[in-house]
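Residues per chain are reported as follows:
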Amino acid sequence: MTQKSLTQLCELMRSEELAYKKCCNYVSEAADEQLKAELGRFANNHKQRFETLLGFLENA
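Keep in mind it's a predicted model, so treat the numbers as computed, not measured.

Trainee: I would appreciate a short explanation of the overall build of the chain in the present structure.
Mentor: Regarding its fold elements, the chain presents two helices and zero strands. Taking 2.2 N^0.38 as the reference for a compact globule, 60 residues should give roughly 10 Å; the C-alpha atoms of the chain span a radius of gyration of 14 Å, well beyond that estimate. Seen along its three principal axes, the alpha-carbon backbone of the chain occupies a region of about 45 × 15 × 10 Å. The buried share among the 60 residues of the chain stands at 17%. Counting only contacts in the chain whose residues sit at least 6 apart along the sequence, the fraction spanning at least 24 positions is 59%. Working note: accessible area of the chain is about 4600 Å², and carbon and sulfur atoms make up 54% of it. Once the 8 positive and 9 negative side-chain charges of the chain are each reduced to a mean point, those two points are 4 Å apart.

Next up, the structure:
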């Protein structure tokens, strides 16, 4: 893996981690149950993408 690819992968991982944390924060602040559920799904999607990227990094 090139240094540029590694840098891009790390940036993507930071973005996914930040998005996950933001969604989790919004879930804790939301009052509407439907909104909480949707935000929870968004959080799970970001977590899954982070874990997928981590897998690429571990296999590099």
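More follows now that the structure is in view.
Trainee: Before we go on, may I ask you to explain the environment of tyrosine 26 in this structure?
Mentor: Structurally, tyrosine 26 is set in helix α1 (residues 3–29). Accessibility expressed as a relative area gives 42% for tyrosine 26, which makes it partly exposed. Remark: the alpha-carbon pair of tyrosine 26 and leucine 39, spanning 13 residues in sequence, is separated by 7.2 Å.

Trainee: Can you walk me through the side chain of histidine 46 in this structure?
Mentor: In this fold, histidine 46 is placed in helix α2 (residues 33–58). Here arginine 49 takes part through its side chain, which lies 3.1 Å from a polar atom of the side chain of histidine 46. The contact partners of histidine 46, leaving out residues within four places of it in the chain, are Glu16, Ala19, Tyr20 and Cys23.

Trainee: For this particular structure, what's the right way to read the side chain of glutamate 16?
Mentor: With respect to the helices and strands, the residue glutamate 16 is situated in helix α1. Ignoring sequence-local partners within four residues, the contact set of glutamate 16 consists of His46, Arg49, Phe50 and Leu53.

Trainee: Looking at this model, I keep getting lost on the packing of α1 against α2. Mind explaining?
Mentor: The geometry of a pair of packed helices is captured by two quantities: the angle between their axes and the separation between those axes. For the pair α1 and α2, the least separation of the axes is 8 Å and the interaxial angle reads 160 degrees. Relative to α2, the element α1 is oriented roughly antiparallel. For α1 against α2, the interelement crossing comes out left-handed. For the contact of α1 with α2, the residue count by class is 18 nonpolar, two polar and five charged.

Thresholds applied
Residues numbered from 1 in each chain as written. Predicted model: local features only at pLDDT ≥ 70, side-chain atom pairs only at ≥ 80, totals over all residues. Heavy atoms only, no water. Helix = DSSP H or I, 4+ residues; strand = E, 2+ residues; numbered from the N terminus. Rg over C-alpha atoms; globule rule 2.2 N^0.38 Å. Buried < 20%, exposed > 50% of the residue type's maximum accessible area, 1.4 Å probe, protein only. Contact = heavy atoms within 4.5 Å. Areas by Shrake-Rupley, 256 points an atom, 1.4 Å probe, with all protein chains shown as cover. Lys, Arg positive; Asp, Glu negative; His and termini not counted. Charge placed at Lys NZ, Arg CZ, Asp CG, Glu CD. Polar contact = N/O pair within 3.5 Å; in protein donor to acceptor, adjacent residues only side chain to side chain. Axes fitted to C-alpha atoms, helices over the stretch in contact; angles between N-to-C directions. Parallel < 35°, antiparallel > 145°, perpendicular 65-115°, else oblique. Left-handed = near helix turned anticlockwise from the far one by under 90°. Nonpolar A, V, L, I, M, F, W, Y, C, P; charged D, E, K, R; others polar.

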